[in-house]
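Structural characterization, general
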Amino acid sequence: MSNDTHETAPTRFVEANGIRYAYRRFGEAGTVPLLLLEYFNSNMDGWDPAVTNSLAADHEVILFDNAGVGASGGETPSTVREMTEQCVAFCRALGLTAIHALGFSLGGMLAQQLAVEHPDLVQRLILLGTGPRGGEGMTFTELSAEEQADPVAFLLGAFFSPSQASQAAGRQYMKRLESRKKDRDLPVSRSSAQAQLAAIREWGTIPPSGRYAALKNITQPTLIVHGNKDIVVQPINAFILAQHLPNAQLIVYSDSSHGAHYQHARTFLQHVELFFADTCAQLAESSSGSVKSALAS
């Protein structure tokens, strides 16, 4: 498994509660797996190989299609909470007892819900281009289930800013998405995209009370990454997450929109490496302090 890459890892399947989930698994075996949670209307081929392969140098990486998405069976639910439960069922079917969750956009919503409802499963979070439940301007009226009709125009317009440098980075990103030649994933169906859209709009609805109250319960170390010109999820939402999450750090990249971590992939990967190194050091220091306290008593 460790010899596989984003381009060569075979598509495998596992069944949970009558649903057959498609997934790919590669990277550094024996580590806590890094589970990548997809954005709206995307499948396993939507991840940037430059990012996934680099992450796989130090982590076991798992890509998967949630229920009804791509090559997975079942039906896509219309709420983030239901999607989260299916994600947990997938993890249990693989025998995973601990994961790090990396969620992009819709995937970041699932990652937050996972951390709240299953803190025993999630050790660390990386939240990319996402926002809290009931965040600012998260109505997503500009999205539609037909975005896959012209995915290149959609991704260049939504993921990258209008500047020449950002659009050039976008075109390079689009080329990288084509690097996997065989065993590619199935496209997202219109019905699945509609359900996802309903889920993110429900997530964005402002609750009558306790708008950000649940965020204090996400105590896992968290890295938040956002573009300063994100037109899909307004940057203010990243600041709200950083303000309310008790153990989070925020990185904002310049001249970048929703796909900031792809435009600034090299820097992003360095920040991820530092994030894991820092949190491991904090854990070691905490454990050392506990031992010293026990000895002193």
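These lines cover the structure that appears in this document, whether it is placed above or below. None of these values were measured; they are calculated from a predicted model.

Moving on, we come to the overall build of the chain. Within the chain, the secondary structure is distributed over nine helices and eight strands. Taking 19 Å as the expected radius of gyration for a compact globule of 297 residues, we find that the chain reaches 18 Å, a close match to that expectation. When its C-alpha atoms are laid out on the principal axes, the chain stretches across 65 × 40 × 40 Å. In the chain, which comprises 297 residues, the share counted as buried stands at 54%. Residue pairs in contact within the chain that sit at least 24 positions apart in sequence constitute 77% of those at least 6 positions apart. Charged side chains of the chain number 22 positive and 29 negative; the gap between the two group centres comes to 2 Å.

Time to look at the pattern of salt bridges. Throughout the structure, instances matching the rule amount to ten salt bridges. Residue E136 pairs with R211 through a salt bridge whose shortest N-O separation is 3.3 Å. Here R211 lies in the loop between α6 (190–204) and β7 (222–227) and E136 lies in the loop between β6 (122–128) and α4 (151–159), a separation of 75 residues in the sequence. What makes E136 partly exposed here is its relative accessible area of 32%. In the salt-bridge network here, residues are joined through shared partners; they are R24, D45 and R184.

What the eight strands build is an open sheet, ordered β1-β2-β4-β3-β5-β6-β7-β8; its pairing is mixed. Where the open sheet ends on each side, the last strands, each with one partner, are β1 (12–16) and β8 (248–253). Averaged over all pairs of adjacent strands, the angle between their axes in this sheet comes to 25°, without regard to strand direction.

Bringing helix α3 (residues 106–117) into the picture now. Between its terminal C-alpha atoms α3 stretches 17 Å, which fits the 16 Å expected from twelve residues at 1.5 Å a residue. The buried fraction of α3 is high, at ten of twelve residues. For α3, the full list of buried residues reads L106, G107, G108, M109, L110, A111, Q112, Q113, L114 and A115. At its buried positions, α3 is contacted by β3 (34–37), α2 (80–93), β5 (99–104), β6, α6 and α7 (236–244).

Next up on the list: the environment of G131. Residue placement: G131 occurs in the loop between β6 and α4. Ignoring sequence-local partners within four residues, the contact set of G131 consists of M109, Q112, M138, W203, V233, N237 and L241.

This part covers the pairing of strand β2 (residues 19–27). With eight of nine residues buried, β2 is to be regarded as a mostly interior element. Hairpin connection between β1 and β2: a loop of two residues separates the two successive antiparallel strands, and N17 in this loop has a positive phi of roughly 55°. Sheet analysis places β2 next to strand β4 (residues 60–64), joined by five bridges and oriented antiparallel. Bridging from a neighbouring strand, F26 pairs with V61 of β4.

What follows is about the pairing of β6. Across the seven residues of β6, six count as buried, placing the element largely inside the fold. As paired strands, β5 and β6 are joined by six bridges and run parallel to one another. Its bridge partner being in β6, L102 is matched across the sheet by I126. Regarding topology, α3 serves as the crossover connection from β5 to the parallel β6, and that connection is right-handed. The sheet contact formed by β6 and β7 spans four bridges and is parallel.

Calculation criteria
- Residues numbered from 1 in each chain as written.
- Predicted model: local features only at pLDDT ≥ 70, side-chain atom pairs only at ≥ 80, totals over all residues.
- Heavy atoms only, no water.
- Helix = DSSP H or I, 4+ residues; strand = E, 2+ residues; numbered from the N terminus.
- Rg over C-alpha atoms; globule rule 2.2 N^0.38 Å.
- Buried < 20%, exposed > 50% of the residue type's maximum accessible area, 1.4 Å probe, protein only.
- Contact = heavy atoms within 4.5 Å.
- Lys, Arg positive; Asp, Glu negative; His and termini not counted.
- Charge placed at Lys NZ, Arg CZ, Asp CG, Glu CD.
- Salt bridge = Lys/Arg side-chain N within 4 Å of Asp/Glu carboxyl O.
- Pairing = 2+ DSSP bridges.
- Axes fitted to C-alpha atoms, helices over the stretch in contact; angles between N-to-C directions.
- Expected span 1.5 Å × (residues − 1).
- Right-handed = clockwise from strand over helix to strand, strands pointing away.

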